[in-house]
Amino acid sequence: MALSLSARTRPRRRGPQARRQRLGLLFVLPAVALVLGIFVVPVVVTAVMSFYDWSLLGQRRFIGLDNYRRLGEDTQFWQSLGFTTLYTVIVTAALLVVGFGLALAVRHRRRGVGVLRTAFVMPVVIGFATAAYLTLWLLDDRIGIVPDLLRRAGLVEGSVSVFSTFPTALAAVVVLVVWKTVGLTMLLLMTGMQAISQDFYEAAQVDGARPARMFRSITLPLLRPTIGLVLILTVIGSYLAFDQFFILTQGGPDNSTIPVVYLIYRAGFIDFDLGYSAAMSIGLMVILLILTAIQLLVVRNREDS
Amino acid sequence: MNTTPRPRRLAAVAAALVAATLTACSNTGADTPSSPTGQLTGSGPATMWVRAADEPMDKALVAAWNEANPTRKITMLTVPDAQYVQKYVQAVRSGDAPDLAAVDIANVKSLTGENLLTDITAQVNALPYKAALAPAGVDISTVDGRIYALPHQLDVSMLYYNKTLFTKAGLDPAKPPASLDELVDAARKITALGDGVYGFSFAGNCAGCNAYTLLPYIWASGGDIMNADGTQATLDDPAVAAALNAHKTMWDDKLMPAAVKDDNGATWLSGFQSGKVGMVALGSFAVSVYKAQPGLDFGVTPIPGAKGTASFLGGDVVGISKGAKNAQTAWDFIAWSMSEDVQKTVVAKTGQLTVRADTADNSFTHAEPRLLTANQLIAQAKVPVTAKYNALFIDPTGPYLQFIRNWVFAGDPAKAVADGKDGFASRLRS
Amino acid sequence: MSTTLTVPRERVAAPRRTLRPQWLPAAAFYTVFGLLALLFVAPLAWLVVSSFKSSAEFAQTPPTLLPTRFSLENYQRLLDAGLWRNVVNSVGVTAGTVLAATVLSVLAGYGFARFRFRLRGLLFLVILSTMMIPFQSIIPSLYLILDELGLTNSLLGLVLVYTVFALPFGIFTMRAAFTAVPAAVEEAAIVDGAGSLSTLWRVLVPIVAPGVATVALYAFFTAWNEFLAALIFTTRQEQYTLPVVLANLQTGAGGTLNWGVLETGAVFAAVPCIAIFLILQRYYVAGLTGGAVKG
């Protein structure tokens, strides 16, 4: 191992401070170097590329702010950003509501609750691409079980093409995402709830408070940090959605479901325009940083007050 | 598993990464050493890329070649259609390009436009049967008079019509529609049969399908959707309006199934196959599919327009990558694949069209008159000229599909043209 | 994407014995949530069951609930098409990622938790900041850089990228785990004359083993499931991982999508994850919710 040599310079408990420092640096160095090379440097390169007309094949030309000017005029980018925002709002709300419901159900020790938790978390571990192919099949008009059941139940007649209208296409993706990720939301909220001291509830019970009241006055306020965490994770994750749209809707119907990452991919690897792709990336990065900062501030302020 | 890095190696790689990326910006030119013109070198075993949709015939060809040339076998690699150009460009970037590239005809300009293929003009000119090669396939592979690829595997789009339904509807099955008016009229009469029968069908939510089968309606109406050098869309062309209005009429008047609006290609073939659809435009590849369908009596005809007929020349051209290490093997394979014997016994035998007009006369093609029709269409078939074919016509979020849908389904030609102009311009700009 | 799984730690008080306010009668509770749980599991279960239909039955209208005849046709076709190769790729990339991410996270977590070196705060911040900047937005430049290094078209390249995906969570988890170990444990070992590395390996790692398991699991799911990077960074079919192969199965020749084969491919992609989760869910759940780090 690369580190064994230096590790032999065994630091005494009160050994020289400098030696101790260097040793710590050695421990973190491999990870830091990798993160620098595979993450920090690419971020910098992306920023540089966004000022170039840069083809995938390598030809490039400095064009200043042209890519950003183009971004400003690109209606598809702004439409896509609007759609991604709408999707994020819906997914976040759905995850919070369903996640809360499930967390309330499984937070207590109760016979069989472990099995329930396992069932709700299970979809979290499969990939989004895999889940999307599963959904594609379940919803297929000819061979899928969902249209078949709907027809059998007499709810619809004739063909069911979920991905042919915007509301149904979006709904299908949202249901997929909730199914696939709500287990995680549930776990986080559940842990947060379990961390709330029972004393509060006991006192409230003595005062004759009802469960709904306790939820509103005790659970919700004390869960704020957890909710903030869930919000940040969900918002970032939703703004970066790609797999499910790439596979399920392919941007349709009528280009109404194109997430921003799809445009970044398209500009770079279908149009071979890496410069413009990079400019969109920087735009997305800035938006996400701002959103995260706002959420952190809100959560912190509320905590202070 | 050699993909498992040990910490030492990882750290070293990470350090190298940081160092190398600092110089990355100064060193990204695509360096593809070009062989001197007219002289091909390298006669070792070669590699070849084919796209998934056209794999079967290439498999047969490569197997036959490898049997005859045990010392310089060809290794074939199949690439998904949708990612072919992207992956090829990436492979060239990383010096990993195959010797032979069999690429979608409509995409060859994406490769020649970036100067990724070897000039084979001298070799082609030496071929005695050069004039018999599918002209559109050669033209599209030619830049400034230099030839970079040759037709390899051909398919033409044509109009399929159900003879049984034609007879029932009082139409003459020996006289398929030869103009847009006749097409709409026939569709109307067939739809009138009722019982779930529709006169016409197309894949209304499939970009690639409509590039292949809807563009010919426009060409046959005497115009085009792009200018001659493929740098600008010509959505105002009256021929565009003629073709799309015919579709709009058939949609508005319910002469096609409602499901066509959502068909992303998955059920493109099945309506006609079930005998419930009177006419559909498809590639010649569908002949073998429909032939196997019991009780389906169908004919084929060139795709009609307002001013004649047209076809899209689909399939692949094959070229030699710039800097191919085994370019001589590659060329020998190309020449061999076009020889009369191979065209007749390997290509025609797998049910494919021959790339040479003078080899269409063979027992396999003669056994299927519809394929003979297809082979005769090759001479007049066209290919759209653009280096952005994928972005414009194949990408499901591209401008072409949206243009059609706005016109036909949303019924708003003005909006279709306005949005379409923006969409084409934006994707052509990259 | 996997980003949604990235969970920063949070202080959690020890779970209390519960008072159990019965806000729902038991019968109603089990009916409602039992059915809901069934709904969550049913798609995956039906996927696996259906993969044993013949290709023809799989594409039948209307669908059959259970295979009328047990058939391995879909599996046979997948294996004939060379899927084993892609399974090997996925296994290799995942194993490499798990190993690299775990080792690097343990080392770095230990370094950040136990040593006060210069730049410590800054470096930790840099690593955490990668959680805020999506990798999807640096794809173009990451592609160029990997290409310069000859790491596109290479499974090693994917391992490096996936390791970086897993590192922030891993380092965060391991730092918290090491911080929770009383300093006395380590000091005793050092007094006994053990080197830092051997102290770490023989004394500390066994104590923080649950945290290590969490990190390894997280890396496993990240690498096994990742789609976009694999789609872009690999060019040759022989290097595709399972999620990318699925995308290619979808676009069959001439619009001839074989549903049975596609969905059986999904079984290959999903079942290992589910199996590992069922076996090791204790570490996964505890780790994601802040329990495992306490050991």
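The rules behind these values
Residues numbered from 1 in each chain as written. Chains lettered and ligands numbered in written order. Predicted model: local features only at pLDDT ≥ 70, side-chain atom pairs only at ≥ 80, totals over all residues. Heavy atoms only, no water. Core = buried A, V, L, I, M, F, W, Y, C linked by side-chain atoms within 4.5 Å. Buried < 20%, exposed > 50% of the residue type's maximum accessible area, 1.4 Å probe, protein only. Domains from an automatic or database assignment. Contact = heavy atoms within 4.5 Å. Buried area = accessible area lost by both parts, 1.4 Å probe. Salt bridge = Lys/Arg side-chain N within 4 Å of Asp/Glu carboxyl O. Polar contact = N/O pair within 3.5 Å; in protein donor to acceptor, adjacent residues only side chain to side chain. Helix = DSSP H or I, 4+ residues; strand = E, 2+ residues; numbered from the N terminus. Nonpolar A, V, L, I, M, F, W, Y, C, P; charged D, E, K, R; others polar. pLDDT = per-residue confidence, 0-100. Expected span 1.5 Å × (residues − 1). Bend = angle between axes of the 7 residues up to and from the residue. Axes fitted to C-alpha atoms, helices over the stretch in contact; angles between N-to-C directions. Parallel < 35°, antiparallel > 145°, perpendicular 65-115°, else oblique. Disulfide = S-S within 2.5 Å. Phe/Tyr/Trp six-rings, centres within 6.5 Å; stacked < 30°, edge-to-face > 60°. Lys NZ or Arg CZ within 6 Å of the ring centre and 35° of its normal.

**Considerations on the nonpolar core**
Phase 1 of the analysis: By size, the foremost hydrophobic cluster in this structure holds 343 residues, and its most contacted members are Leu150, Tyr160 and Ile225 of chain B.
Phase 2 of the analysis: When residues of this core are sorted by domain, at least three fall in each of domain 1 (46-154 + 314-380) and domain 2 (156-313 + 387-429) of chain B.

**Quick notes on the interface of chain C and chain A**
Phase 1 of the analysis: The interface of chain C with chain A comprises 112 residues on the first partner and 101 residues on the second.
Phase 2 of the analysis: Summing the contributions of chain C and of chain A, the shared interface buries around 10,000 Å²; its carbon and sulfur component is 76%.
Phase 3 of the analysis: A per-residue breakdown of the area chain C buries against chain A is headed by Phe40, Met132 and Trp259 of chain C, which together make up 7% of the total.
Phase 4 of the analysis: For the pair chain C and chain A, the interface holds 0 salt bridges.
Phase 5 of the analysis: Applying the counting criterion to the chain C and chain A interface returns 9 residue pairs in polar contact (both at pLDDT 80 or more).
Phase 6 of the analysis: Sort the elements by how many residues they give to the side of chain C that touches chain A and helix α1 (residues 26-50) of chain C lands first, with 15 residues.
Phase 7 of the analysis: For the side of chain C that touches chain A, the class distribution of residues is 81 nonpolar, 22 polar and 9 charged.

**Some words on the confidence of the model for chain A**
Residue and element names in this part refer to chain A.
Phase 1 of the analysis: This prediction gives chain A a mean pLDDT of 87; 92% of its residues lie at or above 70.
Phase 2 of the analysis: For chain A, per-element mean pLDDT is lowest for helix α1 (residues 4-7), which scores 41, and highest for helix α4 (residues 75-106), which scores 95.
Phase 3 of the analysis: For the stretch residues 1-13, pLDDT sits under 50, and the model shows 22 contacts to residues farther than four places along the chain or on other chains.

**Here we look at helix α7 (residues 155-180) of chain C**
Residues and elements named next belong to chain C.
Phase 1 of the analysis: The end-to-end C-alpha distance of α7, which contains 26 residues, comes to 36 Å, matching closely the 38 Å that a straight helix rising 1.5 Å per residue would cover.
Phase 2 of the analysis: Most pronounced at leucine 167, the bend in α7 amounts to some 40 degrees, and the proline proline 168 follows within four residues.
Phase 3 of the analysis: Among the 26 residues in α7, 23 count as buried, and that is most of the element.
Phase 4 of the analysis: Measuring from the backbone nitrogen of leucine 156 back to the side-chain oxygen at the start of α7 gives 3.1 Å, which picks out serine 154 as the cap.

**With respect to the side chain of asparagine 255 of chain A**
Phase 1 of the analysis: By the element assignment, asparagine 255 of chain A lies in the loop between α12 (243-249) and α13 (260-269).
Phase 2 of the analysis: Since its relative accessible area comes to 18%, asparagine 255 of chain A is described here as buried.
Phase 3 of the analysis: Residue contacts for asparagine 255 of chain A: discarding those within four places in its chain leaves Gln76 of chain A together with Pro396, Thr397, Gly398 and Gln402 of chain B.

**Examining the packing of helix α14 (residues 327-338) of chain B against helix α15 (residues 340-347) of chain B**
Residues and elements named next belong to chain B.
Phase 1 of the analysis: The geometry of α14 relative to α15 is characterised by a closest axis approach of 5 Å and an angle of 70 degrees between their N-to-C directions. The orientation of α14 relative to α15 falls into the category roughly perpendicular. Of the residues in α15, those in contact with Trp336, Ser337 and Met338 of α14 are Glu340, Val342 and Gln343.
Phase 2 of the analysis: Looking at the contact of α14 with α15 residue by residue, the class counts come to 3 nonpolar, 2 polar and 1 charged.

**Some points on the environment of asparagine 107 of chain B**
All names here are of chain B.
Phase 1 of the analysis: Here asparagine 107 lies in the loop between β3 (100-104) and α4 (108-113).
Phase 2 of the analysis: With 34 residues separating them along the chain, asparagine 107 and serine 141 place their C-alpha atoms 9.6 Å apart.
Phase 3 of the analysis: Among residues more than four places away in sequence, those in contact with asparagine 107 are Val85, Tyr389 and Asn390.
Phase 4 of the analysis: Looking at asparagine 107, its side chain comes within polar contact range of the side chain of asparagine 390, at 3.2 Å.

**Some points on the state of the cysteines**
All names here are of chain B.
Phase 1 of the analysis: The tally for this structure, following the rule as stated, stands at 1 disulfide over all chains.
Phase 2 of the analysis: Each disulfide pairs two cysteine sulfurs, and for cysteine 206 the partner residue is cysteine 209, the sulfurs being separated by 2.0 Å. For the disulfide bridge between cysteine 206 and cysteine 209, the dihedral angle about the S-S bond is near 75 degrees, and by the sign convention the bridge is right-handed. Neither residue differs from the other here; cysteine 206 and cysteine 209 are each classed as buried.

**Re the packing of aromatic side chains**
Given two aromatic rings, one states the distance between the centres and the angle between the planes to describe the pair.
Phase 1 of the analysis: Throughout the structure, instances matching the rule amount to 62 aromatic pairs over all chains.
Phase 2 of the analysis: Both rings, one in tyrosine 160 of chain B and one in tyrosine 290 of chain B, keep their centres 5.6 Å apart while their planes meet at 85 degrees; by these two values the pair is edge-to-face. Here tyrosine 290 of chain B lies in helix α13 (residues 286-291) and tyrosine 160 of chain B lies in strand β6 (residues 149-162), a separation of 130 residues in the sequence.
Phase 3 of the analysis: The class of tyrosine 290 of chain B is buried, set by a relative accessible area of 0%.
Phase 4 of the analysis: Look at tyrosine 75 of chain C and phenylalanine 268 of chain C: their rings are 5.8 Å apart centre to centre, the planes differ by 55 degrees, and that puts the pair in the tilted class. Of the two residues, tyrosine 75 of chain C is situated in helix α3 (residues 73-80) and phenylalanine 268 of chain C in helix α13 (residues 259-288); the sequence distance between them amounts to 193 residues.
Phase 5 of the analysis: For phenylalanine 268 of chain C, a relative accessible area of 22% gives the class partly exposed.
Phase 6 of the analysis: Looking at arginine 70 of chain A, its charged tip hangs above the ring of tyrosine 276 of chain A, at a distance of 3.8 Å from the centre.

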